[in-house]
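Chain by chain, the residues run as shown.
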Amino acid sequence: MNSQTIKGWIEIVKEKGLFAMVFIILLLIHAYLFKVLYNYWMLWKVNDFTIIMTITLYCIIVIPLSGYLSNILTTFAVSKGLVTRQTMLIPIAVMIAIPVIFVVNDYKEKDLNEVISFNIDKVDYVQIDHRLRTDELEDAKTLSELLSQYRVKKMKDREWNSDVSKEKGYTITIYPKDSNPIIASIYEDRLHTNDGDYYEVVNGPIDMSWFDKLYDQY
């Protein structure tokens, strides 16, 4: 095997390696964007059908799209002579950085009204524990003000104790006029949202007296 053949094989390996790294990077980015779309703009009720549909759409849209764009970018880089030892370090660094950024951003502290976010003027009505219902704008404003007082931090699934029988809490469902309902089970020191995420209250406990007063009022 002469040096020219060896060099050719090295270039092929570089090209395939670049394609694989770009594909993984795009897959991570597209997967994150797909998750955001699913959580906030698509189906809100999680069941077997929606899970199957999510996996199906991911397989027929996200993965092929990532592969197609990776091929275009890799072909462009090879045609311009950009596949060098130095440039190969860039996608490696990005591959390491992206998951770190996603995880750090996902688990950083945030205001509770960022997690349970809604436009007060576009709320149709609010339902508490699937029994009490109020369409008063003032109640939506008070709920938003209550949520804005607290900061939360995302919990890992394994950290969540499903036994809430000894905790005081309410399930709230906010029905906006132009989008899907927002559902959250709120307890004094933690909460569970309808997108499957768990949060601990950093500056709790949450004052449950507003919910109590609402029950007394209606």
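This text follows the structure it describes.
This report concerns the structure included in the present document. (Residues numbered from 1 in each chain as written. Predicted model: local features only at pLDDT ≥ 70, side-chain atom pairs only at ≥ 80, totals over all residues. Heavy atoms only, no water.)

Side note on the nonpolar core
- Core analysis: the biggest nonpolar cluster contains 28 residues, and Leu112, Ile116, Leu143, Ile172, Ile186 and Phe211 have the highest contact counts within it.
- Those elements giving two or more residues to this core turn out to be α4 (112-115), β2 (123-128), α5 (137-148), β5 (169-176), β6 (182-187), β8 (198-201) and α6 (209-217).
- Among the elements that make up this core, the one with the highest residue count is α5 (4 residues).
- In contact with isoleucine 186, other than residues within four places in its own chain, are Ile116, Leu147, Lys168, Gly169, Tyr170, Ile172, Leu191, Ile206 and Met208.
- Among the nonpolar cores identified, the runner-up in size contains 7 residues, and Leu18, Met21, Leu26 and Ala77 belong to it. (Core = buried A, V, L, I, M, F, W, Y, C linked by side-chain atoms within 4.5 Å. Buried < 20%, exposed > 50% of the residue type's maximum accessible area, 1.4 Å probe, protein only. Helix = DSSP H or I, 4+ residues; strand = E, 2+ residues; numbered from the N terminus. Contact = heavy atoms within 4.5 Å.)

Observations regarding the side chain of serine 70
- Mapped onto the elements, serine 70 comes out in helix α2 (residues 48-79).
- Here serine 70 falls in the buried class, since its relative accessible area comes to 0%.
- Of the polar contacts made by the side chain of serine 70, one reaches the backbone oxygen of serine 66; its length is 2.6 Å.
- The contacts of serine 70, once residues within four sequence positions are left out, are Phe19, Val22, Phe23 and Leu26. (Polar contact = N/O pair within 3.5 Å; in protein donor to acceptor, adjacent residues only side chain to side chain.)

Some points on the environment of lysine 153
- Structurally, lysine 153 is set in strand β4 (residues 151-155).
- Judged by its relative accessible area of 35%, lysine 153 is partly exposed.
- Residues lysine 153 and tyrosine 107, 46 residues apart in the sequence, show an inter-C-alpha distance of 6.1 Å.
- Apart from residues no more than four positions distant in its own chain, lysine 153 is found in contact with Tyr107, Lys108, Glu109, Tyr198, Tyr199, Glu200 and Val202.

Quick notes on the sheet that holds strand β7 (residues 190-193)
- Judged by pairing direction, the sheet is antiparallel, and its 8 strands sit side by side in the order β1-β4-β8-β7-β6-β5-β2-β3 without closing on themselves. The open sheet is flanked by β1 (110-111) and β3 (132-134), the only strands paired with a single partner.
- As defined by bridge partners, β2 adjoins β3 across 3 bridges and the pair is classed as antiparallel. When the sheet's bridge partners are listed, valine 126 is paired in β3 with threonine 134. (Pairing = 2+ DSSP bridges.)

Concerning α5
- Under the 1.5 Å per step criterion, the end-to-end length of α5 is 17 Å for 12 residues, consistent within 8% with the ideal 16 Å.
- Its buried side turned inward, α5 meets α4, β2, β3, β5, β6 and α6. (Expected span 1.5 Å × (residues − 1).)

Focus on the packing of aromatic side chains
- Overall, the coordinates contain 6 aromatic pairs when judged by the stated rule.
- Taking 6.4 Å as the distance between ring centres and 55 degrees as the angle between the ring planes, the aromatic pair formed by tryptophan 160 and tyrosine 187 counts as tilted. Here tryptophan 160, found in the loop between β4 and β5, pairs with tyrosine 187, found in strand β6; they are 27 residues apart in sequence, far enough to count as distant.
- Among the aromatic residues, ring-to-ring pairing joins Trp160, Tyr187 and Tyr198 into one connected group.
- A cation sits over an aromatic face here: arginine 133 above tyrosine 125, 3.6 Å from the ring centre. (Phe/Tyr/Trp six-rings, centres within 6.5 Å; stacked < 30°, edge-to-face > 60°. Lys NZ or Arg CZ within 6 Å of the ring centre and 35° of its normal.)

Focus on a nonpolar patch on the surface
- A contiguous nonpolar patch, built from Leu89, Ile92, Ile96, Val100 and Val104 and spanning about 470 Å² of accessible area, is present on the exposed surface.
- Within the secondary structure, valine 100 is located in helix α3 (residues 85-106). (Patch = residues over 30% accessible without salt bridge, like charges linked within 9 Å, V, L, I, M, F, W, Y side chains within 5 Å. Areas by Shrake-Rupley, 256 points an atom, 1.4 Å probe, with all protein chains shown as cover. Salt bridge = Lys/Arg side-chain N within 4 Å of Asp/Glu carboxyl O.)

Comments concerning the side chain of threonine 74
- As for its position among the elements, threonine 74 is in helix α2.
- With a relative accessible area of 3%, threonine 74 lands in the buried category.
- Residues contacting threonine 74, with those up to four places away along its chain left out, are Glu15, Leu18 and Phe19.

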